[in-house]
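# Fold and contact review
Single-letter residue listing:
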Amino acid sequence: MRRYYIKTYGCQMNVADSARLKAVLESAGYQEIRESGFGDSDIRGLGEADLILVNTCVVRQNAEDRAAWFIQSLKGQKKQNPNLKIGLCGCMVPEPERNLKKQFPHVDFFIPPNSPDVLKQYLAQNTKSESRNPKQIRNSNLEIVSDLGFRASNFVTIMTGCDNYCSYCVVPYVRGRETSRPMDEILEEIKASRDQGGKEITLLGQNVNSYKPGFANLLIAIQQLVISHSSLVINFMTSHPKDMSDEIIATVAELPYVAKDFHLPLQSGDDEILKKMNRGYTIEYFLGRVAKIRSLMPEARISTDLMVGFPGETEVQFENSIKLLKTVSFTQVNMFAYSPRPQTAAAKMPGQLPEEVKQERLQKLIETNRLLLASS
Ligand code: SAH
Ligand code: SF4
């Protein structure tokens, strides 16, 4: 039995991609060496691996640094076991300015995001397959459910890529143009998961509410699949505030099987900064969306992402984010210091703030949120 280890950095899209890579490996007869027991700095147990995949994230410099460090650390592993194959996957791969082969000469192959077929091809060319049941594989998106069996919260990707080009964000450059998956394919995947006893499904995409032909239509179409399975819960993430229409809010409110959970990343509490970020909404508009959600669903949970230290952010503009945090009772807040990313417009903007200022503001935001949660 051949064994593999997969390390995943970054967002849910990467977790979903890793699940599909795992499915490819398991249907080729590989067995997983589980995550538990070793973190970044403790890689005992990897000595048994025949194949190691590292699924990388480049959304912020520190995510990228951690992945790069881990990949470097595998050099020693390869010296001990010359038969070990190492694959570098995910968002680091498509970055055009990189020379990954030069930076990581010990890596054997590269897999861009959302590309399980590249792994299939590599295995077909480089290993003798011990396929258990190759007929099960109909298309790469179905493999998670058909080959791995039911998972507690099953990710169903409904769209890939992003066309929004927020000025700070590298995602459109590494994950490509926004593409909605055909509805019948999504429904088939949900059905397969349901039939295997799935209780919870998360519809996944960078911007699920801009799904074409309509996110509300998709939620309604799911109804026929869950009508006799009242225990199936449908989650969705991430929602872009600018695309959170009245129709979608009303549909979520009406459909009992859809969780009343909204992840609505605000990014900044200041209109001028939002404009520079190219977010496409104002604070007034965002607050209107929150009010609408809460008027129809008082029980709704609303979470957000906030970023501090965007180029040119003044002390007053930062305080506006603090104010917003205090105004809206978010259930959860992911907080980040702005990290300049190559290729993005914001990286070239004037007024880049020193790291100490960004970290200081981040700590202040985190502390404010901690106090708010403690008093709620
Ligand atoms: N599609 C989602 C978010 C994807 S990235 C959306 O539009 O909301 C996840 C989060 O990482 C973002 O919400 C943002 O807060 C943060 N992020 C993205 N680029 C960043 C950067 N360059 N520096 C710091 N944080 C960043
Ligand atoms: Fe990045 Fe903006 Fe697209 Fe989200 S919507 S992935 S932040 S470009």
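I will try to describe carefully the structure that is included in this document. The residue numbers shown here count from 1 along each chain, following its written sequence. Labels are handed out in written order, letters beginning with A for the chains and numbers beginning with 1 for the ligands. pLDDT decides what is reported in this predicted model: residues at 70 or higher carry local features, side-chain atom pairs at 80 or more are listed and counted, and totals for whole chains, interfaces and linings draw on all residues regardless. Heavy atoms throughout the structure, all of them, feed into the side-chain values; hydrogens and water do not.

Here we take up the overall build of the protein chain. A run of H or I in DSSP counts as a helix once it spans at least four residues, and a run of E counts as a strand once it spans at least two, with each numbered from the N terminus. When helices and strands are counted, the protein chain shows 13 helices and 13 strands. For each residue, the accessible area found with a 1.4 Å probe, counting protein chains only, is set against the maximum for its type, and the residue is called buried under 20%, exposed over 50%, and partly exposed in between. Each of the 376 residues in the protein chain was classed as buried or not, and the buried ones make up 53%. Sequence separation of at least 24 residues holds for 76% of the intrachain contacts in the protein chain that already meet a minimum separation of 6. Method for areas: the Shrake-Rupley scheme with a 1.4 Å probe, in which residue coverage is limited to the protein chains shown. As displayed, the protein chain offers around 16800 Å² of accessible surface, 52% of which is attributable to carbon and sulfur atoms. By definition in these notes, contact holds between two residues if any of their heavy atoms fall within 4.5 Å.

Once that is clear, we can look at the site of ligand 2. For ligand 2, the full set of nearby residues is Cys162, Asn164, Tyr165, Cys166, Tyr168, Cys169, Val171, Pro172, Gln206, His240 and Arg279. Under the grouping applied here, Gly and all other residues not named as nonpolar or charged are polar, the nonpolar ones being Ala, Val, Leu, Ile, Met, Phe, Trp, Tyr, Cys and Pro and the charged ones Asp, Glu, Lys and Arg. Split by residue class, the shell around ligand 2 holds 7 nonpolar, 3 polar and 1 charged. Residues are labelled near a given molecule or strand when at least one of their non-hydrogen atoms is within 4 Å of it.

Structurally, the position occupied by Glu254 is in helix α9 (residues 246-254). Residue classification places Glu254 among the exposed positions, given a relative accessible area of 63%. In this structure the C-alpha to C-alpha distance between Glu254 and Ile220, which are 34 residues apart in sequence, comes to 9.8 Å.

On to the side chain of Gln267, then. Note on placement: Gln267 falls in the loop between β11 (261-263) and α10 (271-276). In this view, Gln267 contacts Tyr168, Met277, Arg279, Tyr281, Asp305, Leu306 and Met307; residues no more than four positions away in its chain are not counted.

A few words on the sheet that holds strand β9 (residues 200-204). Across the sheet, 3 strands lie side by side as β6-β9-β10; this open sheet has parallel pairing. Each having just a single partner strand, β6 (154-157) and β10 (233-237) make up the two edges of the open sheet. Pairs of neighbouring strands in the sheet enclose a mean axial angle of 30°, with direction left out of account. In this description, strands pair whenever DSSP reports at least two bridges between them. As paired elements, β9 and β10 share 5 bridges and run parallel to each other. Only the stretch in contact is used when a helix axis is fitted, and all axes are lines through C-alpha atoms; the angle between N-to-C directions ranges over 0 to 180 degrees.

What follows covers the site of ligand 1. Inspection of the region around ligand 1 gives 15 residues, with Gln206, Pro265, Gln267, Asp305 and Ser339 positioned closest. Pairs of N or O atoms within 3.5 Å make up the polar contacts considered here, provided that, within protein, one atom can donate a hydrogen while the other can accept it, and that residues adjacent in sequence are counted only when both atoms are side-chain atoms. Taking Arg60, its side chain carries an N or O atom lying 2.9 Å from an oxygen atom of ligand 1. For ligand 1, an oxygen atom lies 2.7 Å from a polar atom in the side chain of Gln267. When ligand 1 sits alone it has 540 Å² of accessible area, and the protein chains cover 90% of it. Listed by contribution, the elements that provide at least two residues to the shell around ligand 1 are β12 (301-308) and β13 (332-337). Across the shell around ligand 1, the residue classes break down as 7 nonpolar, 4 polar and 4 charged.

With that settled, the discussion passes to the pattern of salt bridges. By convention in these notes, a salt bridge is any Lys or Arg side-chain nitrogen within 4 Å of a carboxyl oxygen on Asp or Glu. This structure, assessed with the given rule, holds 22 salt bridges. A salt bridge links Asp108 to Lys78, with the shortest nitrogen-to-oxygen separation between them at 2.5 Å. With Asp108 in the loop between α3 (100-103) and β5 (109-111) and Lys78 in helix α2 (residues 61-80), this residue pair connects regions lying 30 residues apart in the sequence. For Asp108, a relative accessible area of 30% gives the class partly exposed. Among the ionic pairs, Asp246 bridges to Arg289, the shortest N-O distance being 2.9 Å. Note that Asp246 is positioned in helix α9 and Arg289 in helix α11 (residues 283-296), a separation of 43 residues in sequence. For Asp246, a relative accessible area of 40% translates into the label partly exposed. Judged by relative accessible area, Arg289 falls into the buried class, the value being 12%.

Moving on to the packing of α9 against α11. At a minimum axis separation of 10 Å, α9 and α11 run at an interaxial angle of 25°. The orientation of α9 with respect to α11, classified from their angle, is roughly parallel. You can see that α9 and α11 cross each other, and the crossing is right-handed. Between α9 and α11, the residues in contact are Asp246, Ile249, Ala250 and Ala253 and Arg289, Lys292, Ile293 and Leu296, respectively. These descriptions rest on fixed angle ranges, namely under 35 degrees for roughly parallel, over 145 for roughly antiparallel, 65 to 115 for roughly perpendicular, and the rest for oblique. Should the near helix be turned anticlockwise from the far one by less than a right angle, the crossing is termed left-handed; should it be turned clockwise, right-handed.

A few words on unusual backbone geometry. Here Lys212 and Pro213 are connected by a cis peptide whose omega angle stands at 5°. As for its placement among the helices and strands, Pro213 is situated in the loop between β9 and α8 (215-226). Omega for the bond connecting Met237 with Thr238 falls within 30 degrees of zero, at 0°, which places this linkage in the cis form. For Thr238, the location among the structural elements is in the loop between β10 and α9. Backbone geometry at Gln267 places phi at a positive 75°, although glycine is not the residue there. The backbone of Asn278 sits at a positive phi, close to 65°, despite the residue not being glycine. Along the chain, the position of Asn278 falls in the loop between α10 and α11.

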